[in-house]
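# Understanding the architecture of this molecule
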Amino acid sequence: MSSNLDQLRITVERAGDRDIVHLDGELDPHTAPLLKQEVDQLAEAGSLDIVLDLSRLAFIDSSGLRVVISAHREMADRGGQLTLRSPSDTAQRLLEITGLVDHIGIVGS
Amino acid sequence: MTSVSVPLNDTGRPRVETDIDPEVRLLIPATSRYLRLARLTAAGLAGDLGYSVDAIEDLRIAVDELCAAIIEDTPNPAQLELSYRESDGGLVVEGTCRARSTKAPDLHSVARELLNMLADEYSIGAIDGHRNFRLVKYAERPQG
């Protein structure tokens, strides 16, 4: 399953009980709502293990970070988890600047 | 041994000789769809000025955050007017667009945190039915 909104391509891959959301492109105020919608749909469908693959994320700003923070909190409230995987250099830098590396699980960085 | 002398300006920042025009203007629809163009222009000019990859990345994010903040309350349709110019070793970006409210934009705490970390100087406000910002990002001092 995949969807496009100009500069961001979102692809969801099911691996066992885990949903891996691949982000390819730029996450900004224009595209962040699409990620929120995708994660909300997965959560409503009962997913308790969501991984955001950030390896191909070319840009992220505060609107993108806010979606990640909010999704992480909502998943925890549902008894699930949201993890970040292989953040690109630009994503890793922002996660470090904001201190999110200490609060959200990151694998493959 | 080779030595390289880096000329500094009055503020101690590296002086960058550049052929870019004194000012570049960009007029785009004031919607989030076009923020990418504002970022691309900033990145292109900073690249011409010899900014490091990290400084260019800082600038892209800062421009994006400030543009996003001032277009939040625009009447539809509206235009976002941006100017970019090199000044005293730094790249100055100014933006303005019409706004429904006369109130200065409220920056989200995450946006403010990023701007405080990534911009060398910035201001954001409202005047005469317009919201505006000013951002300065200097080229980083070369290591060593």
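Look a little higher up for the structure.
Next up on the list: the packing of aromatic side chains. By the definition in use, this model includes 0 aromatic pairs over all chains. One Lys or Arg, Arg 39 of chain B, reaches over the ring of Phe 59 of chain A and ends 4.0 Å from the middle of that ring.

So, on to the pairing of strand E3 (residues 90–98) of chain B. Residue and element names in this part refer to chain B. In this sheet, E3 lies alongside strand E2 (residues 79–87) in antiparallel orientation, the contact comprising 7 bridges. Looking across to E3, one finds that Glu 81 is bridged to Thr 96. Hairpin geometry of E2 and E3 is characterised by an intervening segment of 2 residues between the two adjacent antiparallel strands and by a positive phi of about 55° at Asp 88. Here E3 pairs with strand E5 (residues 130–138) via 9 bridges, running antiparallel. Bridge pairing links Gly 90 to Tyr 138 in E5.

This paragraph deals with the pairing of strand E4 (residues 49–60) of chain A. All names here are of chain A. Among the 12 residues that make up E4, 9 are buried, leaving the element largely enclosed by the rest of the structure. Where strand E3 (residues 18–27) lies against E4, 8 bridges are found, and the strand directions are parallel. Considered in E4, the bridge of His 22 is made with Asp 53. Taken together, E3, helix H1 (residues 32–44) and E4 constitute a β-α-β crossover, and its handedness is right-handed. In the sheet, E4 pairs with strand E5 (residues 81–85) via 5 bridges, with the strands oriented parallel. When the sheet's bridge partners are listed, Val 51 is paired in E5 with Thr 83.

We now examine the interface of chain B and chain A. With 20 residues of chain B at the contact, the number on the chain A side is 18 residues. Here Arg 93 of chain A ties to Asp 54 of chain B by a salt bridge, and the two come within 4.0 Å at their closest N and O atoms. Where chain B meets chain A, there are 8 residue pairs in polar contact (both at pLDDT 80 or more). For the side of chain B that touches chain A, the secondary structure elements donating two or more residues are helix H1 (35–48), helix H2 (53–70) and helix H3 (109–118) of chain B. The element best represented in the side of chain B that touches chain A is H2 of chain B, accounting for 8 residues. Looking at the side of chain B that touches chain A residue by residue, the class counts come to 8 nonpolar, 2 polar and 10 charged.

All names here are of chain A. Interaxial distance between H1 and helix H2 (residues 62–77) falls to 9 Å at its minimum, and their mutual angle equals 10°. In this view, H1 runs roughly parallel relative to H2, as classed from their interaxial angle. Crossing angle aside, the handedness with which H1 passes H2 is right-handed. Residue-level contacts link Ala 32, Leu 35, Lys 36, Val 39, Asp 40 and Ala 43 of H1 to Ser 63, Gly 64, Val 67, Ala 71, Glu 74 and Met 75 of H2.

Calculation rules
- Residues numbered from 1 in each chain as written.
- Chains lettered and ligands numbered in written order.
- Predicted model: local features only at pLDDT ≥ 70, side-chain atom pairs only at ≥ 80, totals over all residues.
- Heavy atoms only, no water.
- Phe/Tyr/Trp six-rings, centres within 6.5 Å; stacked < 30°, edge-to-face > 60°.
- Lys NZ or Arg CZ within 6 Å of the ring centre and 35° of its normal.
- Pairing = 2+ DSSP bridges.
- Helix = DSSP H or I, 4+ residues; strand = E, 2+ residues; numbered from the N terminus.
- Buried < 20%, exposed > 50% of the residue type's maximum accessible area, 1.4 Å probe, protein only.
- Right-handed = clockwise from strand over helix to strand, strands pointing away.
- Contact = heavy atoms within 4.5 Å.
- Salt bridge = Lys/Arg side-chain N within 4 Å of Asp/Glu carboxyl O.
- Polar contact = N/O pair within 3.5 Å; in protein donor to acceptor, adjacent residues only side chain to side chain.
- Nonpolar A, V, L, I, M, F, W, Y, C, P; charged D, E, K, R; others polar.
- Axes fitted to C-alpha atoms, helices over the stretch in contact; angles between N-to-C directions.
- Parallel < 35°, antiparallel > 145°, perpendicular 65-115°, else oblique.
- Left-handed = near helix turned anticlockwise from the far one by under 90°.

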